[in-house]
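Read off the chains here:
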Amino acid sequence: MNSMASSTIAPNLASFIANKKDLGFTAFSTSSQFSIPKCNRRISKKICSVMAPQQSERRPSTTGSVKTAMTMTEKILARASEKTQLSPGENSWVNIDILMTHDVCGPGSFGIFKKEFGQNAKVWDREKIVIIPDHYIFTSDERANRNVDILRDFCREQNIKYFYDIKDLSDFKANPDYKGVCHIALAQEGHCRPGEVLLGTDSHTCTAGAFGQFATGIGNTDAGFVLGAGKLLLKVPPTLRFVMDGEMPNYLLAKDLILQIIGEISVSGATYKSMEFVGTTVESLTMEERMTLCNMVVEAGGKNGVVPADSTTFKYLEDKTSVAYEPVYSDEQARFLSEYRFDVSKLEPLVAKPHSPDNRALARECKDVKIDRVYIGSCTGGKTEDFMAAAKVFLASGKKVKVPTFLVPATQKVWMDVYGLPVPGSGGKTCSQIFEEAGCDTPASPNCGACLGGPKDTYARMNEPTVCVSTTNRNFPGRMGHKEGQIYLASPYTAAASALTGYVTDPREFLQKTLDPASQAAKQWFCESDIDGCSPYEKLFTYMGLMGFSRNTIIESDKILSQASWGLTNQRAEPHHSFLGAYDHILELNGPV
């Protein structure tokens, strides 16, 4: 499938990709935060991947070898291999900082460890192994329960320091050590640190790359070896670089960004490659949003995803870890297999239609798709900020959901946030209160839930061939239970909006009607004031400027209104009505502020 030329993405709203500056042209952005000279050359709107120019390797000088520039991933693996240099394609023994496993893969990994190292063997470092039951927890399935027992026995035998156990399944709160979804718990408990190597027996271990570290999923055999040796033979991946610039619209989330990327490069476009995310948009993202971005690189086939550590990273880690860490960054002359550039300000809310994460479509193009349920949860979409985002949409609408809406916080901490943190602009209401008013299901016990189906008694599992909008990461047949179920992957914004209508819904339908306090005050002032000599037409565009529309948007809106013959200039009777009507019309044409 050639997703590059997908007709489902409007040409004027799709991101674009261009060669590096030394090829004579570059991408531009409408963001006011930076300015890049435009090129006179006509750039095709067709999205394409461009190979970065290959740089000839410098020969050793007479006084010694000249160091070759490296990417972040290459540097991390080189340091963990105790080498000064590594290049893509090289195999190297890498020392592991953290190994994580859970209830699904732990028992198998332990079995391999004992078979190969001996029944009485000890793990290489009891403080570098993190064991987190999270997948099949709240179930009566005996085999699933047995897996947790095996974890407990092994941890007791090996005196594992970081085992987040659960014994009382009737009330997760009675288990102070229990955390929930491993990828979120790893971050919250301070096991993710810049510059380190973290491996886990779960494909979404790549989530931790948000902290500027090398993190990837491995199989049980590899994990069994790491348990005994503390190292693993890894092949160094080449790196794809994704430069995301522009101001993030208030109706987009990181889930939309990664769906955009996967839709362009396909589910195999990054096979055994590192995906490095940089740019002003990425720098503006919170840690939880960066985790969403890195979480789904495996859905593009990626070996790992990585975001350079910065002040946001360091601030998050302040109260999480006392372990010293040393971040690394890609050299300026580092070689990237390909470089992709996006103007994020031009993107729209997206979904991935059944049955693949790269089956990308605009949410508004799927408005006729009737749905049966909505699921908000998982390592991808079950973090505190994900529930805050969903609550924001419910709060803006003031309506009740039209389909069953299931809420599964990722961890015990997230669950507490859902019940304890006030939602901004809500007058002190918490997410749980807003969810209750909207008619959602009561937030469930924190775990992986129905994201990967699980036993038949798993909460919110799709046991019937229903249609679901989900904040999870995969929509393959049978992924959430029934093999004939249809899953539309979406952001928490889009999921919440869809719950309110019973159809796949663009969240702008609700979010564009909400303004921040400053904008609300400005709107009230304009509506109540009487500016002598100012026509509704002039008043409209002054207001648009105050609301944050770009100059180009205002100019284009001027043309649109002229062509539509709104005739605002001559309308003196009830000017406020004319003004607000025109403003609402422009919102429909251009999207929310």
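If you're wondering where the values come from, they're calculated on a predicted model, not measured in any experiment.

A. Molecular detail of a nonpolar patch on the surface. On the surface, Trp93, Phe117, Phe225 and Leu233 cluster together into a nonpolar patch covering about 370 Å² of accessible area. Considering the arrangement of structural elements, one finds Phe225 in helix H5 (residues 220–229).

B. Structural view of the packing of aromatic side chains. Tallied over the entire structure, the rule returns 15 aromatic pairs. Residues Phe117 and Phe225 carry aromatic rings whose centres are separated by 6.1 Å and whose planes lie at 50° to one another, so their mutual orientation is tilted. Of this pair, Phe117 sits in helix H2 (residues 106–117) while Phe225 is found in helix H5, placing the two residues 108 residues apart along the sequence. Of the residues examined, Phe225 reaches a relative accessible area of 31% and is grouped as partly exposed. For the pair Phe394 and Phe435, a centre-to-centre distance of 5.9 Å together with 90° between the ring planes defines the contact as edge-to-face.

C. Quick look at the state of the cysteines. Enumeration according to the criterion identifies zero disulfides in this entry. The cysteine Cys105 is free of any disulfide, with Cys182 supplying the nearest cysteine sulfur at 9.5 Å. For Cys105, a relative accessible area of 17% puts it in the buried group.

D. Representation of the confidence of the model for the protein in the model. Mean pLDDT over the protein: 84, with 75% of residues reaching 70 or higher. Confidence over residues 1–64 falls short of pLDDT 50; this stretch has 107 contacts with residues more than four positions distant or in other chains. Here residues 564–578 is a poorly scored stretch, pLDDT under 50, and it has 24 contacts once near neighbours within four places are set aside; other chains count.

E. Structural context of unusual backbone geometry. For the bond running from Pro354 to His355, omega is 0°, close enough to zero to count as cis. Following the sequence through the fold, His355 ends up in the loop between strand E12 (350–352) and strand E13 (360–362). Positive phi, normally seen in glycine, also occurs at Asn159, with a value near 55°. Mapping Asn159 onto the fold places it in the loop between helix H3 (142–158) and strand E4 (162–163). Of note, the phi angle at Tyr272 is positive, near 45°, even though the residue is not glycine. Here Tyr272 shows up in the loop between helix H6 (254–265) and strand E9 (274–278).

F. The arrangement of the sheet that holds strand E8 (residues 239–245) in detail. Across the sheet, four strands lie side by side as E10-E9-E8-E11; this open sheet has parallel pairing. The sheet is open, and its two edges are formed by strand E10 (304–306) and strand E11 (338–343), each paired on a single side. Sheet twist, expressed as the mean angle between neighbouring strand axes with direction ignored, is 20°. With six bridges joining them, E8 and E11 adopt parallel strand pairing.

G. Structural detail: helix H13 (residues 431–438). Here H13 has its buried residues at Cys431, Ser432, Ile434, Phe435 and Ala438. The buried side chains of H13 occupy one side of the element, clustering within an arc of 165° when seen end-on. Tucked into the core, H13 has its buried residues touching helix H11 (384–397), strand E15 (405–408) and helix H12 (412–420).

H. Examining the side chain of Thr494 more closely. Within the secondary structure, Thr494 sits in helix H14 (residues 492–501). With sequence-adjacent residues up to four places away left out, Thr494 is seen in contact with Pro349, Leu350, Val351, Ala363, Thr505 and Pro507.

I. Highlighting the environment of Gly454. Relative to the assigned elements, Gly454 resides in the loop between H13 and strand E16 (467–470). Residue classification places Gly454 among the buried positions, given a relative accessible area of 18%. Gly454 sits 25 residues away from Arg479 along the chain, and the two C-alpha atoms are 9.1 Å apart. In contact with Gly454, not counting residues within four places along its chain, are Tyr136 and Arg461.

J. Spatial organisation of the sheet that holds E13. Reading across the sheet, the six strands line up as E13-E12-E17-E16-E14-E15 and stay open at both edges, with mixed pairing between neighbours. Pairing within the sheet leaves two strands with one partner each, and these edge strands are E13 and E15. Direction aside, the axes of adjacent strands within the sheet are offset by 25° on average. Direction of pairing for strand E14 (residues 373–377) relative to E15: parallel, over a ladder of four bridges. By the bridge assignment for E15, Val374 is matched with Thr405.

K. Just the pairing of strand E2 (residues 98–102), in detail. Within E2, five of the five residues are buried, leaving the element largely enclosed by the surrounding structure. Residues Ile98, Met100 and His102 point to one face of E2 and Leu99 and Thr101 to the other, with burial holding for every one of them. Here E2 pairs with strand E3 (residues 129–132) via four bridges, running parallel. Bridging across to E3, Thr101 finds its partner in Ile131. Remark: the E2/H2/E3 crossover connection has right-handed handedness.

What counts and what doesn't
Residue indices begin from 1 for each chain and proceed along its sequence in written order. In keeping with the predicted nature of the model, local features appear solely for residues at pLDDT of at least 70, side-chain atom pairs appear and are counted solely at 80 or more, and the whole-chain, interface and lining totals rest on all residues. Working from all heavy atoms in the structure, the side-chain values ignore hydrogens and water. Residues qualify for a patch when their relative accessible area is over 30% and they have no salt bridge, like charges being joined within 9 Å and the nonpolar side chains of Val, Leu, Ile, Met, Phe, Trp and Tyr within 5 Å. Values of accessible area rely on a 1.4 Å probe in the Shrake-Rupley scheme; residue burial ignores everything except the protein chains shown. When a carboxyl oxygen of Asp or Glu is within 4 Å of a side-chain nitrogen of Lys or Arg, the pair counts as a salt bridge. Elements are defined by DSSP. Helices are runs of H or I of four residues or more, strands are runs of E of two residues or more, and each kind is numbered from the N terminus. For Phe, Tyr and Trp, where Trp contributes only its six-membered ring, two rings pair if their centres lie within 6.5 Å, and the inter-plane angle classes them as stacked under 30 degrees, edge-to-face over 60, or tilted in between. Only protein chains enter the area calculation, which uses a 1.4 Å probe; residues under 20% of their type maximum are buried, those over 50% are exposed, and those in between are partly exposed. Cysteine sulfur atoms that pair up within 2.5 Å are treated as a disulfide. Confidence per residue, as judged by the predictor, is encoded in pLDDT with a range of 0 to 100. Contact criterion: two residues are considered in contact whenever any of their non-hydrogen atoms come within 4.5 Å of each other. DSSP calls a pair of strands paired once it identifies at least 2 bridges connecting them. Fitted lines through C-alpha atoms give the axes, limited to the stretch in contact for helices. The angle between two N-to-C directions lies from 0 to 180 degrees. In this description, one arc is meant: the one made by directions from the helix axis to the C-beta atoms. With its strands directed away from the observer, a crossover is right-handed exactly when the path from the first strand over the helix to the second travels clockwise.

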